[in-house]
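# A closer look at the structure
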Amino acid sequence: MRDSDEKKCKKQELIRNFDFTELNLQKAEEFFQTKNIPFVAKENTTFTFIDLFAGIGGFRLAMQANGGECVFSSEWDKDAKQTYYENYGEVPFGDITKDEVKAFIPEHLDVLCAGFPCQPFSNAGLKKGIEDTRGTLFYHIAEILKTRKPKVVLLENVRGLISNDNGNTFRTILKTITSMGYKCNISENTIERGNISLLKSEASKLVLSAKDYGIPQNRPRIYIVLWRNDILLEKFTYPLP
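Residues numbered from 1 in each chain as written. Predicted model: local features only at pLDDT ≥ 70, side-chain atom pairs only at ≥ 80, totals over all residues. Heavy atoms only, no water.

### A look at the overall build of the protein chain
Using the following cut-off: Under the scheme used here, helices are H or I runs from DSSP no shorter than 4 residues and strands are E runs no shorter than 2 residues, and both carry numbers assigned from the N terminus. A 1.4 Å probe rolled over the protein chains alone gives each residue an accessible area, and that area as a share of the maximum for its type sets the label: buried under 20%, exposed over 50%, partly exposed in between. Here, two residues are considered to be in contact whenever any of their heavy atoms come within 4.5 Å of each other.
Helices and strands together make up the secondary structure of the protein chain, namely 9 helices and 7 strands. Residue burial in the protein chain is summarised as follows: out of 241 residues, 42% are buried. Considering only contacts within the protein chain whose residues lie at least 6 apart along the sequence, 62% involve residues at least 24 apart.

### Observations concerning unusual backbone geometry
Peptide bonds are, in most cases, trans, and in most cases residues other than glycine have a negative phi. In this model, Phe53 sits at a positive phi of 50°, which is unusual for a non-glycine residue. Within the element layout of this structure, Phe53 appears in the loop between strand E1 (47-52) and helix H3 (58-65). Notably, Lys149 is not glycine yet its phi reads approximately 50°, a positive angle. With respect to the helices and strands, the residue Lys149 is situated in the loop between helix H6 (138-148) and strand E4 (152-158).

### Quick look at the packing of helix H7 (residues 168-178) against helix H9 (residues 196-204)
To keep things clear, this is the line we draw: To get an axis, a line is fitted to the C-alpha atoms, and for a helix only the part in contact is used. The angle between two axes follows their N-to-C directions and goes from 0 to 180 degrees. Note on angle classes: values under 35 degrees are labelled roughly parallel, values over 145 roughly antiparallel, values of 65 to 115 roughly perpendicular, and the remainder oblique. The residue classification treats Ala, Val, Leu, Ile, Met, Phe, Trp, Tyr, Cys and Pro as nonpolar and Asp, Glu, Lys and Arg as charged. All others, Gly included, are polar.
Contact geometry for H7 and H9: axes closest at 10 Å, N-to-C directions at 75°. One way to sum up the angle between H7 and H9 is to call them roughly perpendicular. The segment H7 lies against H9, with Asn168, Phe170, Arg171 and Leu174 engaging Ile196, Leu199 and Ala203. Looking at side-chain class alone, the contact of H7 with H9 contains 5 nonpolar, 1 polar and 1 charged residues.

### Quick look at the side chain of Ser209
Short version of the rule: Polar contacts here mean pairs of N or O atoms no more than 3.5 Å apart (in protein, one a potential hydrogen donor and the other a potential acceptor; neighbouring residues in sequence count only if both atoms are side-chain atoms).
On the secondary structure map, Ser209 appears in strand E6 (residues 207-209). Exposure remark for Ser209: the relative accessible area of 8% places this residue in the buried category. There is a polar contact of 3.3 Å between the side chain of Ser209 and the side chain of Asn218. Polar contacts involving the side chain of Ser209 include one to the main-chain amide nitrogen of Arg219, which spans 3.3 Å.

### Quick word on the environment of Ile144
Along the polypeptide, Ile144 turns up in helix H6. Separated by 32 residues in the primary sequence, Ile144 and Leu112 have C-alpha atoms spaced 9.0 Å apart. Those residues within four positions of Ile144 in sequence are excluded, and the remaining contacts are Ile50, Leu52, Ile96, Lys102, Ile105, Leu112 and Lys149.

### Concerning the pattern of salt bridges
Side chains carrying opposite charge are able to pair once their charged atoms draw close together. Condition: Any Lys or Arg side-chain nitrogen located within 4 Å of an Asp or Glu carboxyl oxygen qualifies as a salt bridge.
Under the counting rule described, the total for this entry stands at 9 salt bridges. Each of the salt bridges in this network shares a partner with another, and the network as a whole consists of Asp99, Lys102 and Glu143.

### Structural notes on the packing of aromatic side chains
To keep it simple, the criterion reads: Centres within 6.5 Å are what make two rings of Phe, Tyr or Trp a pair, Trp counting through its six-membered ring; a difference in plane orientation under 30 degrees is then read as stacked, over 60 as edge-to-face, and the rest as tilted.
Across all of its chains, the model carries 7 aromatic pairs by this definition. Here the aromatic rings of Phe47 and Phe49 are separated by 6.3 Å at their centres, their planes lie at 45°, and the arrangement is tilted. Of the two residues, Phe47 and Phe49, neither departs from the other in class, the shared state being buried. With a centroid separation of 5.7 Å and 50° between ring planes, the pair formed by Phe116 and Phe138 is classed as tilted. Residue Phe116 is found in the loop between strand E3 (111-114) and H6, and its partner Phe138 is found in helix H6; the two are separated by 22 residues along the sequence. With respect to burial, Phe116 and Phe138 carry one shared label: buried. Taken together, the ring pairs connect Phe39, Tyr84 and Tyr88 into an aromatic cluster.

### Brief notes about the confidence of the model for the protein chain
Going by this rule: pLDDT expresses, on a scale from 0 to 100, how confident the predictor is about each individual residue.
Overall, the predicted model of the protein chain reaches an average pLDDT of 87, with 80% of residues at or above 70. Between the elements of the protein chain, mean pLDDT differs from a low of 65, seen in helix H2 (residues 22-34), to a high of 98, seen in E3.

### Overview of the nonpolar core
Definition in use: In this description, a nonpolar core means a group of buried Ala, Val, Leu, Ile, Met, Phe, Trp, Tyr and Cys residues linked to one another through side-chain atoms lying within 4.5 Å.
Judged by nonpolar contacts, the single largest core of 52 residues is most densely connected at Leu52, Leu112, Ile141, Leu155 and Phe170. In this structure, Leu112 is in contact with Ile50, Leu52, Ile141, Ile144, Leu145, Pro150, Val152, Val153, Leu154 and Leu155, ignoring residues within four places of it in sequence.

### Concerning the packing of H6 against H7
For clarity, the cut-off: Note on convention: the crossing is left-handed when the near helix lies turned anticlockwise from the far helix by less than a right angle, right-handed when the turn is clockwise.
Direction vectors running N to C along H6 and H7 enclose 15°, while the axes themselves pass 10 Å from each other. Taken as axis vectors, H6 and H7 run roughly parallel relative to one another. Crossing of H6 against H7: the hand is right-handed. Between H6 and H7, the contacting residues are Phe138, Ala142 and Leu145 on the first element and Ile173, Thr176 and Ile177 on the second.

In structure tokens:
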């Protein structure tokens, strides 16, 4: 399909699904052509990513700086969406729990980024796989992983995720994703059958703080990196302070 044909089809889709008018779309195009966007992707991108629970776009800033192209973003807070728009020239989609929003995520995807809110799970035994996370926002990340199967998953959360519900929340997150065909720096045996103390000890190695990387802020966060089983990687090397 030629670019002009694809653009025309996209316009028709926006008008049909969101009640946009042709005039409004023309005004938006003119605006984007003149707006000075401070953070833009590199011309020759090398991978695609999606930005979930995007906030004002911290993940996107890092990904773009390393050659990434953002193909979907989602954030529900209106003030964060406004800032994201000022930073990147686009407004994130809204509520990621809605199927009609998830439908806009592309099929072929390299990296899923998510700084998701953490809630304890009511059933941390993983007796029903993904269903054990139902009722939490993580459940919707798991749904996207199940259908889109990106090559890499990058999750960020507060350090307290490790001890949430005595470590069961963290274990359920790892068991849910690894059961879909992913692995991480924590061994499968520790995730499946290892004791909680060992799991917490291994998880502490995934905690990084901004102050150790040139940023004047004491902000420890856990960064969980997982990759699909078909990717030939034994361990992910975290950056040294």
